[in-house]
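Below, each chain spelled out in residue letters.
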Amino acid sequence: MAQPPAGENTGTRRAVPAAGAKPAARVRMSAAQRREQLIAIGRQVFAEKGFDATSIEEVAARARVSKPVVYEHFGGKEGLYAVVVDREVRALLDRIAAALTAGHPRELLEQAALALLGYIEEETSGFRVLVRESPLMSAAGNFSSVMNDVAHQVEHILGAEFSSRGYDPKLAELYSQALVGMVALTGRWWLEVRQPGKETVAAHLVNLAWNGLSHLEAGPGLITVRPGG
């Protein structure tokens, strides 16, 4: 049997580029594409670590770019964070506003609860970013501001209902904050446990809220506080 020439590897040969051939060039992103990539990566890192523990170095490393590229687009970590939070605020508000279509107050409560829980379920990273408050952000542009905006929408609904039922419409703001706060805090709890299912959680929230509202006392008082005590 003929032997292979001395020094020749009898295994699978690797293809050798022809002389002068250039390696395939990496596809370059446009400035807009790079910006979107950095926002998506920043969203994920902020969700995982929070604002303080996130560094521009890590965002740049995950994007496989140099730190100056991140600074060029956002000016720094604060700028990137502000863009990420602003997008999440608008996304959540748009989702809740689009969900509020029913005319009956109970259905509106159901729709609002399901919209928030649906956002938590489908946009978990975005919700984690929102609920991680940063000392660098003002009262505008965080989870509290989103819930305040939702509460104002609920306030208008409750105000009309209170007037029709003989309750003081000035108290609608108080009740709207209480209702939205209940849903928001439950949502933060559900973010971690995910049990029971979204529809079941929404049903129980509405059960507590609606049945409580339907049996309101016109002039509630505290039984632990006695007049003249």
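The rules behind the values
- Residues numbered from 1 in each chain as written.
- Predicted model: local features only at pLDDT ≥ 70, side-chain atom pairs only at ≥ 80, totals over all residues.
- Heavy atoms only, no water.
- Buried < 20%, exposed > 50% of the residue type's maximum accessible area, 1.4 Å probe, protein only.
- Helix = DSSP H or I, 4+ residues; strand = E, 2+ residues; numbered from the N terminus.
- Contact = heavy atoms within 4.5 Å.
- pLDDT = per-residue confidence, 0-100.
- Polar contact = N/O pair within 3.5 Å; in protein donor to acceptor, adjacent residues only side chain to side chain.
- Axes fitted to C-alpha atoms, helices over the stretch in contact; angles between N-to-C directions.
- Parallel < 35°, antiparallel > 145°, perpendicular 65-115°, else oblique.
- Left-handed = near helix turned anticlockwise from the far one by under 90°.
- Nonpolar A, V, L, I, M, F, W, Y, C, P; charged D, E, K, R; others polar.
- Phe/Tyr/Trp six-rings, centres within 6.5 Å; stacked < 30°, edge-to-face > 60°.
- Lys, Arg positive; Asp, Glu negative; His and termini not counted.
- Salt bridge = Lys/Arg side-chain N within 4 Å of Asp/Glu carboxyl O.
- 1 Å grid on protein atoms, 1.4 Å probe; cavity = no way out; pocket = protein on both sides within 12 Å on 5 of 7 lines; lining within 4 Å.
- Points joined across faces, edges and corners; volume = space filled by probe spheres on them.

Let us look at helix 6 (residues 124-131). Since the α-helix turns once every 3.6 residues, residues separated by three or four places project in the same direction. Counting buried residues in helix 6 gives six out of eight residues, a clear majority hidden from the surface. Within the sequence span of helix 6, burial applies to Ser 125, Gly 126, Phe 127, Val 129, Leu 130 and Val 131. In the core, the buried residues of helix 6 are packed alongside helix 1 (31-53), helix 4 (77-99), helix 5 (105-122), helix 7 (143-165) and helix 8 (172-193).

Here the focus is the confidence of the model for the protein chain. Mean pLDDT over the protein chain stands at 82; residues scoring 70 or higher make up 81%. Contacts from residues 7-12, a stretch scored under 50 in pLDDT, to residues over four places away or in other chains number two contacts.

With that settled, consider the side chain of Thr 54. Position of Thr 54 among the secondary structure elements: in the loop between helix 1 and helix 2 (56-63). Within the structure, Thr 54 has its side chain in polar contact with the backbone oxygen of Gly 50 (distance 2.7 Å). Setting aside its immediate chain neighbours within four residues, Thr 54 contacts Val 45, Phe 46, Lys 49, Val 59 and Lys 77.

The axes of two packed helices give the description: the angle between them and the distance between them. One can describe the packing of helix 6 onto helix 8 by two numbers: an axis separation of 12 Å at closest approach and a directional angle of 130 degrees. Accordingly, the angle class assigned to the pair helix 6 and helix 8 is oblique. In the packing of helix 6 onto helix 8, the handedness of the crossing is left-handed. Contacts between helix 6 and helix 8 involve Thr 124, Phe 127, Arg 128 and Val 131 from the former and Gly 187, Arg 188, Leu 191 and Glu 192 from the latter. Residues that form the contact of helix 6 with helix 8 fall into these classes: three nonpolar, two polar and three charged.

Bringing the packing of aromatic side chains into the picture now. Scanning all chains against the criterion turns up six aromatic pairs. Between Phe 46 and Phe 51, the aromatic rings sit 6.2 Å apart at their centres with planes inclined by 10 degrees, giving stacked as the arrangement. Each member of the pair Phe 46 and Phe 51 is classed as buried. Between Phe 162 and Tyr 167, the ring centres sit 5.6 Å apart and the planes meet at 80 degrees, which makes this aromatic pair edge-to-face.

This part takes up the side chain of Lys 77. Here Lys 77 is to be found in helix 4. At 5.3 Å, Asp 52 is the nearest oppositely charged side chain to Lys 77, a buried residue that forms no salt bridge. Residues contacting Lys 77, with those up to four places away along its chain left out, are Phe 46, Phe 51, Asp 52, Thr 54 and Ile 56.

With that out of the way, let us pick up empty space enclosed by the protein. As enumerated under the stated definition, the model contains three cavities of 30 Å³ or more in all. Put simply, the largest cavity is a space of about 200 Å³. Around the largest cavity sit 16 residues that line it, and Pro 105, Leu 158, Glu 161, Trp 210 and Leu 213 are the ones nearest its centre. Those elements giving two or more residues to the lining of the largest cavity turn out to be helix 5, helix 7 and helix 9 (198-214). Of all the elements, helix 7 adds the most residues to the lining of the largest cavity, at six residues. Along the lines of polarity and charge, the residues of the lining of the largest cavity split into 13 nonpolar, one polar and two charged. Of the volumes computed, that of the second largest cavity is approximately 150 Å³. Looking at the second largest cavity, it is lined by 14 residues, and the ones nearest its centre are Ala 112, Ala 113, Leu 179, Val 180 and Val 183. Sorting the residues of the lining of the second largest cavity by element identifies helix 5, helix 7, helix 8 and helix 9 as the ones contributing at least two each.

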